[in-house]
Amino acid sequence: MVRFVVTVALAILSLAGGIVFRIKKKKLAGTMFIVTGIELCLCAAAIVMLDGVFENIAALFLYVITAITALVFAIKIKIKFKVRFPKTVKKILLIVPAAAVILAGVGYGVRFTTIYAGMAENIKPVTGKDGISHSLYFNCFYKDRIPGYTYSEAIDIEYYSEVMGKLRPAKVVLPENYDENKKYPVLYLLHGLGGNEITWLHKNADVIIKNTHYLYNCPEMVIVMPNSNVNENNSTSGMSYAKTCEAFDRTEEDLIGSLMPYVNEHFSVYTDKKHTAIAGNSMGARNSMAIAFHNQDKFDYVGVFSAADVIKGDNNYFPPLLDELKIDDRFGGFGTLMVMVGREDYICGDVSYDLDKKLDEAGIEHVFYDVFGVHHNPVWQNGLYNFMIKIRDNMD
C-alpha cells in the first residue's frame, strides 16, 4: 500500500512538472518528466494488477527503466543547455530511484527468505482486532508450495447431472494421506464469470488451504470445485448476458441435487451442516451466498468474495437470487458468514458494501472487511486464507 501511494504521488508530481515545463516551452525537460510520470503510472498499475513475485519483478523492472530514463534525460539537458545541477538535485536523482528499487525488491526478498530458508513455520499471521489478516504481504508464502511439505494434485471427476441429463466435470483435491476410514469436512469452491472447474487451481486455492493446515492447524478438507457453466457446453464463452446468467443460475440445483450426493457417496466426507462449507468469488460468491441461504440445513460456513448482485436492490445488474436475507432459526444460523472485497473494486465492489449493510439491518452475524485491491486474484486469495482461519476457529 505504501509503495503504491508513493509511486502514484511521484507520478502525479512528475506529470504535473512535465506539463508546466511544456507550457514554459522547455520541451526536453517537459518530455522527461511526462515520460517518467507515465512509467511511474505503469509501476503503480503493476503493483495493483499483478500478484506476488510477478508484481515485484515487474515493478522492479519498471522502476529501473524509470530511473534510467530520468538519468538519460538529465544528462541530455546538462549537455544541451550546459546546466550544472546542484548537489541536492544530483542526490535526488540517485536516491529516489534507488529507494524505489529497494521497495520493489522487499516483497520478493521476504518471499524468497521465508520459503526457501525454512522460515515459513515461524512466521505468525499479522491480524487486526477482528482476527483478519488484511494484508498478507509479509505472509507471502501462504500461497506457495513450501519445501518439505507435500501437496496432492487435483483429480477429475464426472457426475451425472439431473439438471442437464448428462455427465458433468468437476475437480476434487483430497487431503494428503487421504484415508477412506476417516471423515473429512468438505468445501465447495465456486468460480466467477469466464471460469470453470480449474479456475481456483490457477489461484493456488489448493496450496493456500493446505498451507493453512500445515502452518496454522486449519482442518484438512476435501475441496470440490464445480463448473458453474451449467449448460450443454459447460462454458458461457461467447454467450449473451441472458444465457450466461441462466447457466450460472442453474448451479444451485445442480450442486444440491447432483454434485453433493455424488461427493457424499464417493468420498469419505462428513455430510452434516457443521462440516460443510461453500465459498466463491464474483459470480461464484453470488451463487455461494444464495445457495447457503436457500439451504441453511446444509452449510455452516459461507465465504463471499467480491460478490456480484445476489439480493434484490435498486440497481441490480445481474438478476438477484435472494429476495431477502433471513436466518432459518431451525438450523441455528451460520458458524461463519464472511463477506470481503477489494477497496478499489469498480466492477461490483459496491455490492459487497451494500450486502454488509443489509446483513447488519437484518441482524445477521457476519464478518465483513475490505482490502487494498481491485476485482482480481490477490483479493480472493486473501479472502480464502481468512475464510480458512475462521473455519478453524469455529469448527468443532
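Criteria and cut-off values
- Residues numbered from 1 in each chain as written.
- Predicted model: local features only at pLDDT ≥ 70, side-chain atom pairs only at ≥ 80, totals over all residues.
- Heavy atoms only, no water.
- Helix = DSSP H or I, 4+ residues; strand = E, 2+ residues; numbered from the N terminus.
- Polar contact = N/O pair within 3.5 Å; in protein donor to acceptor, adjacent residues only side chain to side chain.
- Core = buried A, V, L, I, M, F, W, Y, C linked by side-chain atoms within 4.5 Å.
- Buried < 20%, exposed > 50% of the residue type's maximum accessible area, 1.4 Å probe, protein only.
- Contact = heavy atoms within 4.5 Å.
- Pairing = 2+ DSSP bridges.
- Axes fitted to C-alpha atoms, helices over the stretch in contact; angles between N-to-C directions.
- Phe/Tyr/Trp six-rings, centres within 6.5 Å; stacked < 30°, edge-to-face > 60°.
- Salt bridge = Lys/Arg side-chain N within 4 Å of Asp/Glu carboxyl O.
- Parallel < 35°, antiparallel > 145°, perpendicular 65-115°, else oblique.
- Left-handed = near helix turned anticlockwise from the far one by under 90°.
- Nonpolar A, V, L, I, M, F, W, Y, C, P; charged D, E, K, R; others polar.

Draft legend 1. Spotlight on the environment of Asp 156. Within the secondary structure, Asp 156 is located in strand β1 (residues 155-161). On a C-alpha basis, the gap between Asp 156 and Val 173 in space is 9.0 Å, while along the polypeptide they are 17 residues apart. Among the polar contacts made by the side chain of Asp 156, one reaches the side chain of Lys 171 at a distance of 2.6 Å.

Draft legend 2. Structural context of the nonpolar core. If you look at the biggest cluster of nonpolar residues, it comprises 40 residues, and the most contacted ones within it are Tyr 188 and Met 289. Not counting chain neighbours up to four residues away, the residues in contact with Met 289 comprise Val 302, Val 304, Val 310, Leu 322, Leu 325, Leu 337, Leu 355 and Leu 359. Judged by nonpolar contacts, the second largest core, of 37 residues, contains Trp 200, Leu 215, Met 225 and Ile 389.

Draft legend 3. Broad picture of the sheet that holds strand β3 (residues 186-190). The 8 strands lie next to each other as β1-β2-β4-β3-β5-β6-β7-β8, forming an open sheet whose pairing is mixed. Looking at strand neighbours, the two that pair on one side only are β1 and β8 (367-371), the edges of this open sheet. Pairs of neighbouring strands in the sheet enclose a mean axial angle of 20°, with direction left out of account. The pairing of strand β2 (residues 166-173) with strand β4 (residues 222-226) spans 4 bridges and is classified as antiparallel. Residue pairing for β4: Val 172 is matched across the bridge by Val 224.

Draft legend 4. Molecular detail of the side chain of His 275. Assignment of secondary structure puts His 275 in the loop between α8 (251-266) and β5 (276-281). Within polar-contact distance, the side chain of His 275 engages the side chain of Asp 272 at 3.0 Å. Filtering out sequence-adjacent residues up to four positions away, His 275 remains in contact with Pro 185, Val 186, Tyr 270, Tyr 301, Met 395 and Asp 396.

Draft legend 5. The arrangement of the packing of aromatic side chains in detail. Overall, the coordinates contain 13 aromatic pairs when judged by the stated rule. Where Tyr 178 meets Tyr 184, the ring centres are 5.4 Å apart and the plane angle is 25°; that geometry is what we call stacked. Using a relative accessible area of 22% as the deciding quantity, one classes Tyr 178 as partly exposed. Taking the relative accessible area as the measure of exposure, Tyr 184 reaches 2% and is therefore buried. Within the aromatic cluster, the residues linked to one another by ring pairs are Tyr 142, Tyr 216 and Tyr 385.

Draft legend 6. Structural detail: the pairing of β2. For β2, the buried fraction is high: 6 of the 8 residues fall into the buried class. Of the pairings in the sheet, the one linking β1 to β2 comprises 7 bridges and is antiparallel in character. Its bridge partner lying in β2, Ser 161 is registered against Lys 166.

Draft legend 7. Region of the structure containing the side chain of Lys 171. By the element assignment, Lys 171 lies in strand β2. Overall, Lys 171 belongs to the buried group, its relative accessible area being 12%. When sequence neighbours within four positions are dropped, the list of residues in contact with Lys 171 reads Ala 154, Ile 155, Asp 156, Glu 197, Ile 198, Leu 201, Ile 223, Val 224 and Met 225.

Draft legend 8. Region of the structure containing the pairing of β5. With 6 of 6 residues buried, β5 lies mostly within the body of the structure. Residues Thr 276, Ile 278 and Gly 280 of β5 are buried on one face, and the alternating residues Ala 277, Ala 279 and Asn 281, pointing to the opposite face, are buried as well. Of the pairings in the sheet, the one linking β3 to β5 comprises 5 bridges and is parallel in character. Looking at the pairing, Leu 187 lines up with Ala 277 of β5. As defined by bridge partners, β5 adjoins strand β6 (residues 301-305) across 5 bridges and the pair is classed as parallel. Its bridge partner being in β6, Gly 280 is matched across the sheet by Val 304.

Draft legend 9. Layout of the pattern of salt bridges. Under the criterion given, the structure shown has 16 salt bridges. Asp 328 is the partner of Arg 330 in a salt bridge, and the nearest nitrogen-oxygen pair spans 2.7 Å. On the basis of relative accessible area, Arg 330 is assigned to the exposed category, the value being 67%. Here Asp 354 makes a salt bridge to Lys 358, at a shortest N to O gap of 2.7 Å. With Asp 354 and Lys 358 both in helix α10 (residues 349-361) and 4 residues apart, this pair spans about one turn of that helix. By relative accessible area, which is 31% here, Asp 354 ends up partly exposed. Salt bridges sharing partners connect three or more residues here, namely Lys 243, Glu 246 and Arg 250.

Draft legend 10. Spatial organisation of the packing of helix α6 (residues 205-216) against helix α11 (residues 377-394). Two elements in contact, α6 and α11, have axes whose closest approach is 10 Å; the angle formed by their N-to-C orientations is 40°. Classified by the interaxial angle, the pair formed by α6 and α11 is oblique. Relative to α11, the crossing made by α6 is right-handed. Contacts between α6 and α11 pair Ala 205, Ile 208, Ile 209, Thr 212 and Tyr 216 from the former with Gln 381, Leu 384, Tyr 385, Met 388, Ile 389 and Arg 392 from the latter. Grouping the amino acids of the contact of α6 with α11 by side-chain chemistry returns 8 nonpolar, 2 polar and 1 charged.

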